[in-house]
Amino acid sequence: MNPYQSYDAKIIEIRELTSREKLFTLRFTDREVEEGFTFKPGQFVIVDLRGYGEFPISLCSPPTRKPIQLCIRRAGRLTRFIHKFGEGDSVGIRGPYGNGFPLEKMEGANLILVAGGLGMAPLRSVLWYAIDTGKFEKIYLFYGTKSYEDILFRDEIIYLLKHGEKLNCHVKLAYEVETPSCIYLEKGFSEKVCKGVVTDLFRGEEFDVNNSYALICGPPVMYKFVIRELLDRGLSPGRIYMTLERRMKCGIGKCGHCVVGTSVSMKYICKDGPVFTYWDALSTRGLI
Amino acid sequence: MRYVKLSAENFSPFFEALKELGKIYGPVKRNSTYTFVQVDNVKELSLDYTRTILPPKKFFVKPRDKLFRLKKENWEDIKDGESFVLFGVHSCDIHGLKILDKVYLGDPPDPYYKSRRENAFIVGISCMPDEYCFCKSLGTDFAMDGFDLFLHELPDGWLVRVGSVKGHEVVWENQELFEEVTEEDLKHFKEFEEKRAKAFKRSLNKEGLADILDLAFNSQVWKKYAEKCLGCGNCTLVCPTCRCYEVCDNWIRAYEAVRERRYDSCFMPTHGLVAGGHNFRPTRLDRFRHRYYCKSYFDPSAGFNCVGCGRCDEFCPARIEHVRVLEEVREGLL
């Protein structure tokens, strides 16, 4: 089998999440492929728009639920193109690629999910996996977003703000731009929603650093601040996991676009990652 | 390893016999440079060549490589399964292919590269270094494997090292062309190798190089050379171990498209660019330093990603010398 060959998948549902992001639900045409497709939260696939190109995108649905879902932001030529697709159209999918989060190692511990903007997409996979399996102590979700209109999976977030505690899930939201909807949301959940950046959400939160793992995904600028906040609280670098982005063309460590590091350690984001610990970041220059 | 001798008068028949294996590509002089092209007659070959512009990687990772053809909404594999002979490959380029093997044959193997590797018959040839070569200091001046036959020049012919089963088969089937190696031949072989070892003018001090470079991340030397560098990417295109590629889909007819990959270079500003406009290596300094780090990455199981062929120096329009940059970075730190 040619590893560059994608499987045909049909778009069975498209949901508009924000003005820039759409959620695509896909099912593989081949039944065997559909049934055999398993993955870990944090892994990604390559979407093949046949005749136009390929792009990597992380899986945003949990492995506990089928069919698979991809949250795609209109950001470049190909993503603009797929946004014109309709339900019933088909694309190619190959993968899953990357290492994913080692969640089996984290069972029984607290999960601190820190998401910024589109970083919510891969962490949503972890979030629902953790809720569905119930194998974790407590799930924290700290989500920083631009404005109310930019909240990804808004209905799910609001649902969790309301009923999260029942599911062992503690959700907090920070927004940057004040709009009437945000103020309304803040009034409703004064303890959980505030104006500010994602690190502001840590204020007043206590968690057992010896029994917690942090999982981070967001824009490049966010990592430094979030990691500092976590280290200050005493979380060890080996308990800080982050999922990173690069220009992955092949997904299997051949094309060289996602190579980072120096003469002593070089890593491929696509196959050595995209999930790395803070230890990796300390020993590999250019990772974050 | 098995050693046989090919006398000078049997060279041409040997070349003809190789045609059984497929098309033969060998070094041919074009103006002042050399290139690997298809050769029909032994007279066309320039076996005393220094280096070709593009290394033999162009036969395995092609500058433009068609992967799939889109027909009726489905991709069809494009296969090229022809056997061929690469005649007259230098030791450094054989080592270059071995480095590419690590990447392309690693799990999961690249099917295009793999089939070309399996279909290739590689005949190595001994060479004399010129002012750009520094392969000796990297240990890539002599190939112990990675070839089928290796020809070492003798005063009256060639000492042939047989490096693979396919090589054995060729020698077996053409027994009449080969003879046993004599003590005198071995003496000549040794003399040549000694003479060659003394001919190197340039060497790279690899002592602790990987660590030194890592420590010298903020060295001013990177900045100095990044300002001199034109960012053209020549060095990456001609490098036998550079293998970054870009993939693009092209419509060739109204209902037919091909997906092809082509050489990319980490010197191009788009190399680290992601959708949305963020660039992970925005400046020329970032990109320049990245290439040196990539080439000087020390893999405990394979060594450095550089084979010292000297192409990046010879074909650099800004006259930046690989060894010199690394030496200056080292000096700047110590």
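Residues numbered from 1 in each chain as written. Chains lettered and ligands numbered in written order. Predicted model: local features only at pLDDT ≥ 70, side-chain atom pairs only at ≥ 80, totals over all residues. Heavy atoms only, no water.

Undergrad: Can you help me understand the interface of chain B and chain A in this one?
TA: Interfaces are often sized by the amount of accessible area the parts lose when they come together. At the interface, 45 residues of chain B touch 35 residues of chain A. Taking both partners together, chain B and chain A bury about 3,400 Å²; carbon and sulfur atoms supply 53% of that area. Together, Tyr 245, Phe 280 and Tyr 297 of chain B form the three largest contributors to the area buried by chain B at its contact with chain A, with a combined 16%. Among the ionic pairs, Glu 54 of chain A bridges to Arg 259 of chain B, the shortest N-O distance being 3.1 Å. Taken together, the connections running from chain B to chain A amount to 28 residue pairs in polar contact (both at pLDDT 80 or more). Looking at the side of chain B that touches chain A, the elements that each hand over two or more residues are β4 (64-71), β5 (74-77), α2 (91-104), α3 (111-119), α7 (209-215), β11 (245-253), β12 (256-263) and α10 (284-295) of chain B. Looking at the side of chain B that touches chain A element by element, the count peaks at 5 residues for β11 of chain B. Split into classes, the residues belonging to the side of chain B that touches chain A amount to 25 nonpolar, 7 polar and 13 charged. (Contact = heavy atoms within 4.5 Å. Buried area = accessible area lost by both parts, 1.4 Å probe. Salt bridge = Lys/Arg side-chain N within 4 Å of Asp/Glu carboxyl O. Polar contact = N/O pair within 3.5 Å; in protein donor to acceptor, adjacent residues only side chain to side chain. Helix = DSSP H or I, 4+ residues; strand = E, 2+ residues; numbered from the N terminus. Nonpolar A, V, L, I, M, F, W, Y, C, P; charged D, E, K, R; others polar.)

Undergrad: Hey, could you run me through the pairing of strand β6 (residues 84-89) of chain B in this one?
TA: Consecutive side chains of a regular strand alternate in pointing toward one face of the sheet and then the other. Residue and element names in this part refer to chain B. Taken across its 6 residues, β6 has 6 buried, putting it largely inside the fold. Sheet topology note: the strand β2 (residues 23-30)/β6 ladder contains 3 bridges and is parallel. Residue pairing for β6: Ile 24 is matched across the bridge by Val 85. (Buried < 20%, exposed > 50% of the residue type's maximum accessible area, 1.4 Å probe, protein only. Pairing = 2+ DSSP bridges.)

Undergrad: Help me out: how do you make sense of the UniProt feature "binding site: [2Fe-2S] cluster" (unreviewed entry) in chain A in this one?
TA: With numbering aligned to this structure, UniProt lists the feature "binding site: [2Fe-2S] cluster" (unreviewed entry) at Cys 250, Cys 255, Cys 258 and Cys 270 of chain A. A maximum C-alpha distance of 10.2 Å among these annotated residues, which run over 21 residues, shows that they cluster at one spot. Relative to the helices and strands, Cys 250 of chain A is located in the loop between β12 (240-243) and β13 (259-261). Among the residues examined, Cys 250 of chain A registers a relative accessible area of 3% and is labelled buried. Aside from chain neighbours lying at most four places away, what touches Cys 250 of chain A is Tyr 4, Ile 46, Arg 94, Tyr 97 and Cys 255 of chain A together with Tyr 245 of chain B. The topology assignment puts Cys 258 of chain A in the loop between β12 and β13. For Cys 258 of chain A, the contacting residues outside a window of four places in its chain are Arg 246, Arg 247, Met 248, Lys 267, Tyr 268, Ile 269 and Cys 270 of chain A. (UniProt positions renumbered as here; feature names shortened; annotations may be inferred.)

Undergrad: I'm lost on the sheet that holds β4 of chain B in this one. Help?
TA: Sheet strands associate in pairs through backbone hydrogen bonding, adopting either a parallel or an antiparallel arrangement. Residues and elements named next belong to chain B. The 4 strands are arranged β5-β4-β12-β11 in an open sheet whose pairing can be described as antiparallel. The sheet is open, and its two borders are formed by β5 and β11, each paired with just one other strand. For this sheet, the mean angle separating the axes of adjacent strands, direction not counted, is 30 degrees. Here β11 pairs with β12 via 8 bridges, running antiparallel. For Arg 253, the partnering residue across the bridge sits in β12 and is Glu 256. Helix-sheet contacts for α3 involve β4, β5 and β12, and the interaxial angle to β4 is about 120 degrees. (Axes fitted to C-alpha atoms, helices over the stretch in contact; angles between N-to-C directions.)

Undergrad: Where do I start with helix α8 (residues 220-228) of chain B in this structure?
TA: Quick reminder: α-helices carry 3.6 residues per turn. Residues three or four places apart thus point the same way. Residue and element names in this part refer to chain B. Buried within α8 are the following residues: Val 221, Trp 222, Tyr 225 and Ala 226. End-on, the buried residues of α8 take up no more than an arc of 130 degrees, which puts them together on one face. Facing away from the buried side of α8, by more than 90 degrees, are the exposed residues Gln 220 and Glu 227. Of the residues flanking the start of α8, the one acting as N-cap is Ser 219, its side-chain oxygen 3.1 Å from the backbone nitrogen of Val 221. (Arc of directions from axis to C-beta.)

Undergrad: How should I be thinking about the domain arrangement of chain A in this particular structure?
TA: All names here are of chain A. Partitioning chain A into domains gives domain 1 (7-97), domain 2 (110-242) and domain 3 (244-287). Of note, the centres of domain 1 and domain 3, computed from C-alpha atoms alone, are 23 Å apart. Between domain 1 and domain 3, the contact holds 7 residues from the first and 8 residues from the second. At the boundary of domain 1 with domain 3, total buried surface from both sides reaches about 570 Å², with 61% on carbon and sulfur atoms. Looking at the side of domain 1 facing domain 3, the largest losses of area belong to Phe 44, Pro 56 and Tyr 97, adding up to 58% of the total buried there. Here domain 1 is connected to domain 3 by 0 salt bridges. Applying the counting criterion to the domain 1 and domain 3 interface returns 2 residue pairs in polar contact (both at pLDDT 80 or more). (Domains from an automatic or database assignment.)

Undergrad: Help me understand a positive patch on the surface in this model?
TA: Residue and element names in this part refer to chain A. Together, Arg 20, Arg 74, Arg 80, Lys 84 and Lys 146 make up a positively charged patch on the protein surface. Structurally, Lys 84 is set in the loop between α2 (77-82) and β6 (90-97). For Lys 84, a relative accessible area of 68% gives the class exposed. (Patch = residues over 30% accessible without salt bridge, like charges linked within 9 Å, V, L, I, M, F, W, Y side chains within 5 Å. Areas by Shrake-Rupley, 256 points an atom, 1.4 Å probe, with all protein chains shown as cover. Lys, Arg positive; Asp, Glu negative; His and termini not counted. Charge placed at Lys NZ, Arg CZ, Asp CG, Glu CD.)

Undergrad: Looking at this structure, how should I read the pairing of strand β5 (residues 68-73) of chain A?
TA: Residue and element names in this part refer to chain A. When you tally the buried positions in β5, you get 5 out of 6 residues, the bulk of the element. Where strand β2 (residues 21-28) lies against β5, 6 bridges are found, and the strand directions are antiparallel. Across the sheet, residue Thr 25 finds its bridge partner in β5, namely Gln 69.

Undergrad: Which parts of the structure should I look at to understand a nonpolar patch on the surface?
TA: Where nonpolar side chains cluster on the molecular surface, the patch consists of Leu 215, Leu 333 and Leu 334 of chain B and spans about 340 Å² of accessible area. By relative accessible area, Leu 334 of chain B is classed as exposed at 71%.

Undergrad: Help me understand the environment of Pro 122 of chain A, please; the structure alone is not making it clear to me.
TA: Residue and element names in this part refer to chain A. Tracing the backbone through its elements, the reader meets Pro 122 in helix α4 (residues 120-133). Here the alpha-carbon distance between Pro 122 and Cys 71, two residues 51 residues apart in the chain, equals 8.8 Å. Residues in contact with Pro 122, not counting those within four places in the same chain, are Ser 58, Leu 59, Cys 217 and Thr 243.

Undergrad: Any chance you could explain the environment of Tyr 159 of chain A here in plain terms?
TA: All names here are of chain A. Tracing the chain through its elements places Tyr 159 in helix α5 (residues 154-163). Of the residues examined, Tyr 159 reaches a relative accessible area of 42% and is grouped as partly exposed. Spatially, the C-alpha atoms of Tyr 159 and Arg 65 are 18 Å apart, while their sequence positions differ by 94 residues.

Undergrad: Sorry, what's going on with the side chain of Lys 22 of chain A here?
TA: Residue and element names in this part refer to chain A. Take Lys 22: it is sitting in strand β2. In this structure, Lys 22 is buried with no salt-bridge partner, the nearest side chain bearing the opposite charge being Glu 16 at 4.5 Å. Within polar-contact distance, the side chain of Lys 22 engages the backbone oxygen of His 83 at 2.8 Å. Not counting residues up to four positions away in its chain, the partners in contact with Lys 22 are Ile 14, Arg 15, Glu 16, Leu 17, Leu 70, Cys 71, Ile 72 and His 83.

Undergrad: In this structure, what is going on with the UniProt feature "domain: FAD-binding FR-type" (unreviewed entry) in chain A? I would like to understand it.
TA: Following the UniProt record, one finds the feature "domain: FAD-binding FR-type" (unreviewed entry) at residues 4-103 of chain A. Secondary structure over residues 4-103 of chain A splits into 13% helix and 44% strand, and the C-alpha atoms at its two ends are 28 Å apart.

Undergrad: Can you walk me through the sheet that holds strand β9 (residues 169-175) of chain A in this structure?
TA: Residues and elements named next belong to chain A. With mixed pairing, the 7 strands of this open sheet are ordered in space as β10-β9-β8-β7-β11-β12-β15. Each edge of the open sheet carries a strand with a single partner, namely β10 (193-195) and β15 (275-277). Mean inter-strand twist for the sheet, computed between neighbouring axes without regard to direction, equals 20 degrees. Pairing between β9 and β10: 3 bridges, direction parallel. Paired with Tyr 175 across the two strands is Lys 195, which belongs to β10. Helix α6 (residues 180-188) contacts β9 and β10 of the sheet and is inclined by roughly 135 degrees relative to β10.

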